[in-house]
Amino acid sequence: MSKWEMKEPYIGAHIRVQIQSIYHHGIYIGNDEVIQFGLLSDMLKPKEEVRVLVSSIEEFLQGGFLEVRVFDRKERKIKNDDLKIVEIAKSKLGEDGYDIVHNNCEHFANFCIFNKKESKQIDDIRSEIRKKLGIKK
């Protein structure tokens, strides 16, 4: 399970902010800038209009509190190094195709870090729905 701490981000850090009941994710690239898959305010726009972009940390946080992911030993062994994470994030600038279930901000951040699109938030929601419906995985 991922661990998060409220601390200063470093270049290549996976960061997040909680806005109401959801978390918004991004990659910190230094100089108080973040690469993220859309702004939280973009989430109601058509998915073709939501793009990977650079914003200020203030714009990313929208008044919330910054959390930085702390990787465990296993994750540190398989993750990209911090500069590679930033390089991958920058290579995605301008991309669209946002999909809350299959291609969201958490998928984006995890792809930059592990080369794999994953979203714990979505997995948790799916698990909760299965549980409520009595479906065993």
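Going by the structure above, here's the rest.
Residues numbered from 1 in each chain as written. Predicted model: local features only at pLDDT ≥ 70, side-chain atom pairs only at ≥ 80, totals over all residues. Heavy atoms only, no water.

Points about helix 4 (residues 105-114)
The element helix 4 is largely enclosed, with a buried count of nine among its ten residues. Within the span of helix 4, buried status applies to Cys 105, Glu 106, His 107, Phe 108, Ala 109, Asn 110, Cys 112, Ile 113 and Phe 114. Phi for Asn 115, located one or two positions after helix 4, is positive at around 60°. (Buried < 20%, exposed > 50% of the residue type's maximum accessible area, 1.4 Å probe, protein only. Helix = DSSP H or I, 4+ residues; strand = E, 2+ residues; numbered from the N terminus.)

Description of the nonpolar core
If you look at the biggest cluster of nonpolar residues, it comprises 18 residues, and the most contacted ones within it are Ile 27, Ile 35, Phe 37, Ala 89, Phe 108, Cys 112 and Ile 113. The set of elements that each furnish at least two residues to this core consists of strand 3 (22-30), strand 4 (33-37), helix 3 (82-91) and helix 4. Examining the composition of this core, we find that six residues originate from one element, helix 4, more than from any other. Ile 15, Val 34, Ile 57 and Phe 60 belong to the second largest nonpolar core, which has ten residues in total. (Core = buried A, V, L, I, M, F, W, Y, C linked by side-chain atoms within 4.5 Å.)

A few points about the environment of Asp 32
By the element assignment, Asp 32 lies in the loop between strand 3 and strand 4. Its relative accessible area of 45% is what places Asp 32 among the partly exposed residues. Separated by 21 residues in sequence, Asp 32 and Ile 11 have C-alpha atoms that sit 9.7 Å apart. Discounting chain neighbours no more than four positions away, the residues touching Asp 32 are Ser 55, Ser 56 and Ile 57. (Contact = heavy atoms within 4.5 Å.)

Digging into the pattern of salt bridges
Counted by the stated rule, this structure contains nine salt bridges. The salt bridge involving Lys 3 is made with Glu 5; its shortest N-O contact spans 3.5 Å. For Lys 3, a relative accessible area of 47% translates into the label partly exposed. Judged by relative accessible area, Glu 5 falls into the partly exposed class, the value being 30%. Between Asp 82 and Lys 79 there is a salt bridge, with its nearest N and O atoms 3.0 Å apart. Classification of Asp 82 by relative accessible area gives partly exposed; the value is 27%. Overall, Lys 79 belongs to the buried group, its relative accessible area being 16%. (Salt bridge = Lys/Arg side-chain N within 4 Å of Asp/Glu carboxyl O.)

Some points on the packing of aromatic side chains
In this structure the tally under the stated criterion is three aromatic pairs. Between Phe 37 and Tyr 98 the ring centres are 5.3 Å apart and the planes differ by 85°, which places this aromatic pair in the edge-to-face class. Of the two residues, Phe 37 is situated in strand 4 and Tyr 98 in the loop between helix 3 and helix 4; the sequence distance between them amounts to 61 residues. Take Tyr 98: its relative accessible area is 9%, and that puts it in the buried class. Ring geometry for Phe 37 and Phe 108: centres 6.5 Å apart, planes at 70°, overall edge-to-face. Taken together, the residues Phe 37 in strand 4 and Phe 108 in helix 4 connect sequence positions 71 residues apart. Classification of Phe 37 as buried rests on a relative accessible area of 2%. Among the aromatic residues, those joined into a ring-pair cluster are Phe 37, Tyr 98 and Phe 108. Directly above the aromatic system of Tyr 23 lies the positively charged group of Arg 16, at a separation of 3.7 Å from the ring centroid. (Phe/Tyr/Trp six-rings, centres within 6.5 Å; stacked < 30°, edge-to-face > 60°. Lys NZ or Arg CZ within 6 Å of the ring centre and 35° of its normal.)

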